[in-house]
Amino acid sequence: MHESLRDAVRTSYWLEDASRPAPLPPLIGAAEADLVVVGGGYTGLWTALLARERFPDRSVTLLEAGQCGDQASGRNGGFASASLTHGFANGLERWPAELEVLDRLGAENLREIGATIERLGIDCDWRMSGELAVATQPHQVEELHELAATLSRHGVEHDVLDAAAARARVDSPTYLGALALPDETALVEPARLAWGLRAACLDAGVVVHEGSRATSLERDGAGGAGVRVTTDAGWVRAGRVALGTNAFPSLLRRLRLMTVPVYDYVLMSEPLSDAQLASIGWAGREGIGDSANLFHYYRLTRDNRILWGGYDAVYHYGSRISPVLESQGRTHGLLAEQFFETFPQLAGLRFTHRWAGVIDTCTRFSAFFGTAYAGTVAYALGYTGLGVAATRFGAQVMLDLLSGESTERTSLEMVRSKPLPFPPEPFRYAGIKAMTASLEASDRHEGRRNLFLRSMDRLGFGFDS
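Criteria and cut-off values
Residues numbered from 1 in each chain as written. Predicted model: local features only at pLDDT ≥ 70, side-chain atom pairs only at ≥ 80, totals over all residues. Heavy atoms only, no water. Helix = DSSP H or I, 4+ residues; strand = E, 2+ residues; numbered from the N terminus. Rg over C-alpha atoms; globule rule 2.2 N^0.38 Å. Buried < 20%, exposed > 50% of the residue type's maximum accessible area, 1.4 Å probe, protein only. Contact = heavy atoms within 4.5 Å. Areas by Shrake-Rupley, 256 points an atom, 1.4 Å probe, with all protein chains shown as cover. Lys, Arg positive; Asp, Glu negative; His and termini not counted. Charge placed at Lys NZ, Arg CZ, Asp CG, Glu CD. Pairing = 2+ DSSP bridges. Axes fitted to C-alpha atoms, helices over the stretch in contact; angles between N-to-C directions. Phe/Tyr/Trp six-rings, centres within 6.5 Å; stacked < 30°, edge-to-face > 60°. Lys NZ or Arg CZ within 6 Å of the ring centre and 35° of its normal. Core = buried A, V, L, I, M, F, W, Y, C linked by side-chain atoms within 4.5 Å.

Engineer: So, the overall build of the protein: which residues are in play, and what are the values?
Structural biologist: What the protein contains, in helices and strands, is 12 helices and 18 strands. In terms of overall dimensions, the protein is globule-like: its C-alpha atoms have a radius of gyration of 22 Å, near the 23 Å expected for 465 residues. Expressed as lengths along the three principal axes of its C-alpha atoms, the size of the protein is roughly 70 × 50 × 45 Å. Counting over 465 residues, the protein shows a buried share of 56%. Long-range pairs, those at least 24 residues apart, make up 76% of the contacts in the protein between residues at least 6 apart in sequence. As displayed, the protein has an accessible area near 18600 Å², and 52% of this comes from carbon and sulfur atoms. Placing the 45 positive and 56 negative side-chain charges of the protein at their respective mean positions leaves the two points 6 Å apart.

Shown next, in the form of structure tokens:
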């Protein structure tokens, strides 16, 4: 165990907050609603809130297995990206003809999240901070320059920084250059955002049941026009259902191979002293991500802690999800070592919290959408680690689909298409392990992609967090 982790508690810093709301009672017995939302993370909360705003005469019930915001929505780094496509490069590769529209919709979505937070008075330290993509290897500098040229051709605002300019922003001896993207990212306290959306849902008349794990979905009513969602202690009959369970097993079996759950690991430091903060600069308080395949993301909090996460995205055989997996393995120790390689001037700093969260990833890295049960059930999932903002867009798509509306969103090829599925076990586990080993090797060998990675690239089959 790394010395800096000796006293770190094994829980999300964001969830260990005095403003955490008390749990709401579970569903017991039978109920009815016009819309049932399954899942109380960002996807479900945005869907429920926007449904009440768009259709104020329709009743909405939200079912959450635990407490709203307890899973990925309360454990992530708090990077709200404008991108709906898991970055500009991925969008350009997969949907070049509509990327301009996707980028515009993503920017609008991010602005509307900020406006909603301000309108509702949610105290979650929302900041339009921008982001730095930093290069720590020579080949990454070349890749950032290539990306910058592409961004210039498409009119995306950015600044290319050499090593000195990058270190003038944030001083790490590992930085060889950076790409500054001032309009692409906001930072937020993620659990507080979830809790604020939960409070807004309640104020808007949404019925929220926590401790209510949905166990099945079936047709109900005359001619099968309705849908019944059953929980451990009751059931709800609804006209429409929106599924927002993301990494957790879907109530639709057809989706079980479309995503895999992976664990993302995070550290939170103690607050930096004024001298420690001065030693690294960071006056712009940007979110930062490095440019490796196995990348790190990091940011400052409002009390000047450093959140440091990423590197490994760990998949467990059989798509296993369990709290015991959140503190097992090597990753927290590796993250601590890599932190002090990045900021050696912070030697002696200690971490107060270490945790993990399970996220869903799909082979195209960005969310996908669809319907079932003759259009009465909609789903959105596959955000692959960039769902803090994109989940609001996903909520709107589901509401469009459930209402039968033809909108700019539903006409997008990104919305109408699906990613390739993952293979069943044991091939899934073997393939993911081969992919992660190949990505790690690529980072060690100047970004060169081996035959396996090149083959997967040609198939459009990826693995990322």
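Engineer: Residue-level account of the sheet that holds strand E4 (residues 131-135), with values.
Structural biologist: Strand order in the open sheet made by the 8 strands is E5-E6-E4-E13-E14-E15-E12-E16, with mixed pairing throughout. Of all the strands in the sheet, the pair left with one neighbour each is strand E5 (159-162) and strand E16 (351-361). Strand after strand, the sheet turns through a mean of 20 degrees between neighbouring axes, direction not considered. Two elements, strand E14 (residues 296-300) and strand E15 (residues 306-314), share 5 bridges in a ladder whose sense is antiparallel. Looking across to E15, one finds that tyrosine 297 is bridged to glycine 309. Packed on one face of the sheet, helix H8 (residues 331-342) meets strand E12 (260-269), E14, E15 and E16 and runs near 130 degrees to E15.

Engineer: Which residues make up the packing of aromatic side chains, and what values do they have?
Structural biologist: Under the definition given, this model contains 15 aromatic pairs. With 5.9 Å between their ring centres and 75 degrees between their planes, phenylalanine 79 and tyrosine 297 make a pair best called edge-to-face. Separated by 218 residues along the polypeptide, phenylalanine 79 in strand E3 (residues 79-81) and tyrosine 297 in strand E14 bring together distant segments of the chain. Residue classification places phenylalanine 79 among the buried positions, given a relative accessible area of 11%. Take tyrosine 297: its relative accessible area is 12%, and that puts it in the buried class. A cation sits over an aromatic face here: arginine 58 above phenylalanine 55, 4.2 Å from the ring centre. We note arginine 94 situated over the ring of phenylalanine 365; from NZ or CZ to the ring centre the distance is 5.4 Å.

Engineer: Which residues make up the nonpolar core, and what values do they have?
Structural biologist: Note on soluble globular proteins: their nonpolar side chains tend to be buried together. In this structure, Leu35, Trp46, Leu62, Trp126, Leu197, Phe369 and Phe393 are the most contacted members of the largest nonpolar core, which totals 51 residues. Elements with a contribution of two residues or more to this core: strand E1 (29-38), helix H1 (42-54), strand E2 (60-63), helix H3 (99-120), helix H6 (190-203), strand E18 (377-381), helix H9 (387-403) and helix H10 (413-416). Apart from residues no more than four positions distant in its own chain, tryptophan 126 is found in contact with Ala80, Leu110, Ile113, Gly114, Ile117, Ala186, Leu187 and Val188. Core analysis: the second largest hydrophobic core is formed by 40 residues, Ala178, Ala247, Leu300 and Leu439 among them.

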